[in-house]
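Architecture at a glance
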Amino acid sequence: MKKVGLVLGGGGTKGAYQAGAVKALQSLDKTWSIICGTSIGALNGAMLVQEDYDEFYDLWTSVKAENIVNGAIDLNFDFEDVVSKPNSYLSFFRKYVGTTGADIQPLKNMMNYYFDKERFMASNIDYGCVIATYPGMRPVYITKKMMYERGIDYMLASSACFPIFPTYKIDDNVYIDGGYADNLPVDLAFELGAQEIIAIDLIKSIAHPNLLNRENITYIYPRHEIGPLFNFDKELINKNIACGFNDVYKTYGLFSGYKYTFEKFDKPEFYDEFYIEILRLENKISRQLTFKDDAYITNHFLKVQHKAILSSEDLGFGIIDEIMSMLKMPVEEVYSFEKLCLLILETFKNAFSKDYEVLPSLSIEKLKEFIGNLDKIGMVSKIINQTLYPKKTVVKEEILLSIAPIDVAIASWIIHAVNYITKKEI
């Protein structure tokens, strides 16, 4: 049996996402013999090495700001912004939390409570974490053997998100958050003997895009925005736990969807026809002076979904995500295709009426102003109506494709979907 390494990325309170993901992996009977992590991933990983699963989940459902720092700290910054431009934020953070960084005594107390050295060392699960030298920001890889004497120190150093948190001194050396050097230590897991990797990233830009779609690497990452570096809002944390669970189930094929999550459903009959229609639309878009892109819509969803090839189902889920976002539906819930159909029928029913007003008569300049002030549902509704009733056309297709090509694609998908829905009598 292959040695599996679980690799946990850093990202502050975004670590709640990993709690949901681990719960899903456990429900699928996934196991690992090596755990590596950085920052919050190092802290989460230590608890998982101890196999303290109940305490691990309880911690994330009850964590508060006062468990981490003394004094308020609810900063609207993302982890990659801080680690990529620490000097840009240094003066601000120093004014906000003082010249030495936030007081992390509560975090030290919490680690002393949760880290059971004897249980950690006795576990059959190997461990590694990353800290970064300061200055220099070079990676230092910590192994399980090194954790016996200075385990809590190394974990606190790994999570010392400077300049929000203070630098962390161990002996004569100064360290900061391992995310400055290696925020998702897959190489460390391989070095410790892993032959297969389950990586759980936390950052929006993806730490190692070169590892996507690789054999023996399952790369799990947030498919939606999961919030800033330090946000202890209970609703956000619970949402991220749910999304971590759902994204694992989508990764392993138990749920469907990309950003939004659906119970498994058969590919609707119109998907292949719609896929060809998009190819034809893209040919028209490529002739636009504003784009000159032979695959504008396809490339948009390839980028969003981090795909190399876009299937008809991928395209469908890309459009569905746009629709669900437009309708402001909660991203953490699990939907059925039937519910999506009912939402579409309810939202866009007026657009299918011949009496629906498409657009007032406007000049091109006024048209752009009008579209700029139009909500997305209104825009798509008007494109649907004009497509169904070409005699009412006010804005030619080539103009719409130059202004809002994705909205044109969404409108087309909705027309196909409604025809499919009414035939199926959902």
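Keep in mind the model is a prediction, meaning the values are calculated, not measured.

**Re the overall build of the protein**
- Each helix and strand in the protein was counted, giving 18 helices and 11 strands.
- The buried share of the protein, taken over its 426 residues, is 55%.
- When contacts within the protein are restricted to residue pairs at least 6 apart in sequence, long-range pairs at least 24 apart make up 72% of them.
- Counting every atom, the protein has about 19700 Å² of accessible surface; 49% of that belongs to carbon and sulfur.

**Points about the pattern of salt bridges**
- The final tally for this structure, using the stated rule, is nine salt bridges.
- One salt bridge connects Asp171 with Arg150, and the closest N-O pair in it is separated by 3.1 Å. Of this pair, Asp171 sits in the loop between β5 (168-170) and β6 (173-177) while Arg150 sits in helix α8 (residues 147-158), and the two are 21 residues apart along the sequence.
- Look at the salt bridges and you will find they share partners, linking Arg150, Asp153 and Asp171 into a network.

**Digging into the side chain of Asn44**
- By the secondary structure assignment, Asn44 is in helix α2 (residues 40-49).
- We classify Asn44 as buried; its relative accessible area is 2%.

**Describing the pairing of strand β7 (residues 196-200)**
- The element β7 is largely enclosed, with a buried count of four among its five residues.
- Note that strand β1 (residues 4-8) and β7 share five bridges and pair parallel. Looking at β7, one finds that Leu6 is bridged to Ile198.
- Of the pairings in the sheet, the one linking β7 to strand β8 (residues 217-220) comprises four bridges and is parallel in character. Bridging across to β8, Ile198 finds its partner in Thr218.

**Looking at the confidence of the model for the protein**
- In this model, the protein carries an average pLDDT of 89, and 88% of its residues clear a pLDDT of 70 or more.
- Confidence drops under a pLDDT of 50 for residues 92-99, and excluding neighbours within four residues, the segment shows 17 contacts in the predicted structure.

**Considering the side chain of Gln50**
- Among the secondary structure elements, Gln50 is positioned in the loop between α2 and α3 (53-62).
- Polar side-chain contacts of Gln50 include one of 2.5 Å to the side chain of Asp52.

**Side note on the packing of helix α13 (residues 312-326) against helix α14 (residues 337-348)**
- Axis separation between α13 and α14 bottoms out at 11 Å; the angle between their running directions is 55 degrees. Judged by the inter-axis angle, α13 sits oblique to α14. Helix-helix and strand crossings are classified by hand; for α13 and α14 the assignment is left-handed. Contacts between α13 and α14 pair Ile320, Ile323, Met324 and Met326 from the former with Leu340, Leu343, Ile344 and Phe348 from the latter.
- When grouped by side-chain class, the residues that make up the contact of α13 with α14 number eight nonpolar, no polar and no charged.

**A short note on the sheet that holds strand β10 (residues 261-263)**
- A sheet is described by the order of its strands in space; here three strands give the open sequence β9-β10-β11, paired in mixed fashion. Each edge of the open sheet is held by one strand with a lone partner, namely β9 (255-256) and β11 (334-335).
- With two bridges connecting them, β9 and β10 associate as antiparallel partners. Across the sheet, residue Phe255 finds its bridge partner in β10, namely Glu263.

**What about α2?**
- Counting buried residues along α2, 10 of its 10 residues qualify, which places the element largely inside the surrounding structure.
- Inspection of α2 places Ile40, Gly41, Ala42, Leu43, Asn44, Gly45, Ala46, Met47, Leu48 and Val49 among the buried residues, and these make up the whole buried set.
- Positive backbone phi, at 60 degrees, marks Glu51, one or two positions downstream of α2.

**Notes on the packing of aromatic side chains**
- Summed over all chains, the structure comprises 19 aromatic pairs.
- Between Tyr113 and Tyr114 the ring centres are 4.9 Å apart and the planes differ by 85 degrees, which places this aromatic pair in the edge-to-face class.
- For Tyr114, a relative accessible area of 17% puts it in the buried group.
- With centroids separated by 4.6 Å and ring planes inclined at 35 degrees, the aromatic side chains of Phe245 and Tyr249 adopt a geometry described as tilted.

**With respect to the packing of helix α1 (residues 16-27) against helix α10 (residues 234-251)**
- Two elements in contact, α1 and α10, have axes separated by 6 Å at closest approach and are oriented at 40 degrees. As the angle between them shows, α1 and α10 are arranged oblique. The way α1 lies across α10 gives a crossing that is right-handed. Counting all contacts with α1, which are made through Ala16, Tyr17, Gly20, Ala21, Lys23, Ala24, Leu25 and Ser27, the residues of α10 involved are Ile237, Asn240, Ile241, Cys243, Gly244, Phe245, Asp247, Val248 and Tyr249.

**Describing unusual backbone geometry**
- In the segment running from Tyr134 into Pro135, the intervening peptide bond is cis, with an omega of 0 degrees.
- Summarising the element assignment, Pro135 is placed in the loop between β3 (126-133) and β4 (139-143).
- The phi dihedral of Ser39 falls on the positive side, at around 55 degrees, and the residue is not glycine.
- With respect to the secondary-structure elements, Ser39 resides in the loop between β2 (34-38) and α2.

The rules behind the values
Residues numbered from 1 in each chain as written. Predicted model: local features only at pLDDT ≥ 70, side-chain atom pairs only at ≥ 80, totals over all residues. Heavy atoms only, no water. Helix = DSSP H or I, 4+ residues; strand = E, 2+ residues; numbered from the N terminus. Buried < 20%, exposed > 50% of the residue type's maximum accessible area, 1.4 Å probe, protein only. Contact = heavy atoms within 4.5 Å. Areas by Shrake-Rupley, 256 points an atom, 1.4 Å probe, with all protein chains shown as cover. Salt bridge = Lys/Arg side-chain N within 4 Å of Asp/Glu carboxyl O. Pairing = 2+ DSSP bridges. pLDDT = per-residue confidence, 0-100. Polar contact = N/O pair within 3.5 Å; in protein donor to acceptor, adjacent residues only side chain to side chain. Axes fitted to C-alpha atoms, helices over the stretch in contact; angles between N-to-C directions. Parallel < 35°, antiparallel > 145°, perpendicular 65-115°, else oblique. Left-handed = near helix turned anticlockwise from the far one by under 90°. Nonpolar A, V, L, I, M, F, W, Y, C, P; charged D, E, K, R; others polar. Phe/Tyr/Trp six-rings, centres within 6.5 Å; stacked < 30°, edge-to-face > 60°.

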